[in-house]
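A structural walkthrough
Listed here are the chains, written in short residue letters.
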Amino acid sequence: MSTIIYPSPIFGPVHSRRLGISLGINLQPADGKVCSFDCIYCECGLNQDHRPTLPLPTPAEVSTKLEAKLQDMVAEGQLPDVLTFAGNGEPTCHPHFAEIIDDTIRLRDQYCPKAKVSVLSNSTMIHRQSVHDALMLVDNNILKLDTVNPLYINKVDRPNGAYDVNAVIEGMKAFNGHIIIQTMFMRGEIKREGKLESVDNTGEEYVTPWLDAVKAIKPQQVMIYTIDRETPTQGLQKASREQLDAIRDRVIATGIPCTASY
Ligand code: SF4
């Protein structure tokens, strides 16, 4: 089973399915994963298998290394389309996330003003005012909402500590449309406590309440996707193209733009 632990604090540029040519910014240590979720489909692997020993990068390290990389890219005449906060875990867990966003926007404006700043987040910290305010400043505030079903969240996204999906939905509404919802749809079964359990969230009982939440949040866009590479948990299967297209079309029918990645 292969997992990806990204270099830190800067990696790439890489071609992203959803975002184009992207320079990655990883606010976690380079030798492991730190996340407030422990998704069974995480490309970085499960938290327990990748405990880091190195410290988090400091804001000074992030800005120094980002500036050096952007200077190289300017010299090579190849600028990024997007600066993407992603990597080995949840970027908004970094205690200096807001300061790092300010630095990144300053460097973007200086070296590649046409590039977008994107944050891929699992939404667990959006209740923090400083995180909310920082996410209001970025171009693409991409927040995960895989389901509104608490049992499914506990089975698939597996939050560390308390997680209230209704509070997360309220936090999402507070962006007043400055939000892109990202949702993983998949099928399959996993073994839990010796029994096989479905992890299929493509059925009506999942899609309809999720769609109701999406309509209430009123995002600028929705991105739906499915498993793209090997997962740390056995038994997960891709949602079919037809299923993803059908869900995408239901979102579009509400007047909200939606893309599907297969
Ligand atoms: S939120 Fe993202 S980084 Fe965290 S466990 Fe899930 S997939 Fe991995």
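Residues numbered from 1 in each chain as written. Predicted model: local features only at pLDDT ≥ 70, side-chain atom pairs only at ≥ 80, totals over all residues. Heavy atoms only, no water.

Considering the site of the ligand
Around the ligand, the structure places Lys33, Cys35, Phe37, Asp38, Cys39, Tyr41, Cys42, Gly89, Asn122 and Lys144. Looking at the shell around the ligand residue by residue, the class counts come to 5 nonpolar, 2 polar and 3 charged. (Near = heavy atom within 4 Å. Nonpolar A, V, L, I, M, F, W, Y, C, P; charged D, E, K, R; others polar.)

A few points about the packing of aromatic side chains
Counted according to the given criterion, the structure contains 5 aromatic pairs. Note on Phe85 and Phe97: the rings are 6.2 Å apart at their centroids and 75° apart in plane angle, and the pair reads as edge-to-face. Taken together, the residues Phe85 in strand β3 (residues 82-85) and Phe97 in helix α2 (residues 97-111) connect sequence positions 12 residues apart. For the pair Phe85 and Phe97, one class covers both residues: buried. A cation over an aromatic ring shows up here: Arg241 above the ring of Tyr262, its NZ or CZ 3.8 Å from the ring centre. (Phe/Tyr/Trp six-rings, centres within 6.5 Å; stacked < 30°, edge-to-face > 60°. Helix = DSSP H or I, 4+ residues; strand = E, 2+ residues; numbered from the N terminus. Buried < 20%, exposed > 50% of the residue type's maximum accessible area, 1.4 Å probe, protein only. Lys NZ or Arg CZ within 6 Å of the ring centre and 35° of its normal.)

Details of the pairing of strand β7 (residues 186-192)
Regular strands have side chains that alternate between both faces of the sheet. Judged from the 3 bridges that link them, β7 and strand β10 (residues 236-238) form a sheet pairing that is antiparallel. What sits directly across from Gly188, in β10, is Leu236. Relative to strand β8 (residues 195-198), β7 runs antiparallel, the two being bridged by 4 bridges. Along β8, the bridge assignment pairs Lys191 with Leu196. (Pairing = 2+ DSSP bridges.)

Looking at helix α4 (residues 150-157)
Within α4 the residues assigned to the buried category are Tyr152, Ile153, Lys155, Val156 and Asp157. Turning to α4, the residues buried within the fold contact β5 (140-144), α5 (165-173), β7, β8 and α6 (204-217). Measuring from the side-chain oxygen of the N-cap residue of α4 to the backbone nitrogen of Leu151 gives 2.8 Å; that N-cap residue is Asn149. Looking at the residues trailing α4, positive phi occurs at Arg158, about 50°. (Contact = heavy atoms within 4.5 Å. Polar contact = N/O pair within 3.5 Å; in protein donor to acceptor, adjacent residues only side chain to side chain.)

Thoughts on the side chain of Lys155
Following the sequence through the fold, Lys155 ends up in helix α4. Once residues lying within four places of it in the same chain are set aside, the contact partners of Lys155 are Ile40, Ile190, Arg192, Glu197, Ser198 and Val199.

Description of the packing of α6 against helix α7 (residues 241-253)
When two helices pack together, their arrangement is given by the angle between their axes and by how far apart the axes lie. Running from amino to carboxyl end, α6 crosses α7 at an angle of 25°, the nearest separation of the two axes being 11 Å. Judged on the interaxial angle alone, α7 and α6 are roughly parallel. Between α6 and α7 lies a crossing of right-handed hand. Contacts between α6 and α7 involve Glu204, Val207, Thr208, Trp210 and Leu211 from the first element and Ile247, Arg250 and Val251 from the second. (Axes fitted to C-alpha atoms, helices over the stretch in contact; angles between N-to-C directions. Parallel < 35°, antiparallel > 145°, perpendicular 65-115°, else oblique. Left-handed = near helix turned anticlockwise from the far one by under 90°.)

Focus on the packing of α5 against α6
For the pair α5 and α6, interaxial distance at closest approach is 8 Å and the crossing angle is 35°. In contact with Ile169, Met172 and Lys173 of α5, α6 contributes Ala213, Ala216 and Ile217.

Considerations on the environment of Asp245
By secondary structure assignment, the location of Asp245 is in helix α7. When the C-alpha positions of Asp245 and Thr259 are compared, they lie 8.7 Å apart, and in sequence the two are 14 residues distant. For Asp245, the contacting residues outside a window of four places in its chain are Ala260 and Tyr262.

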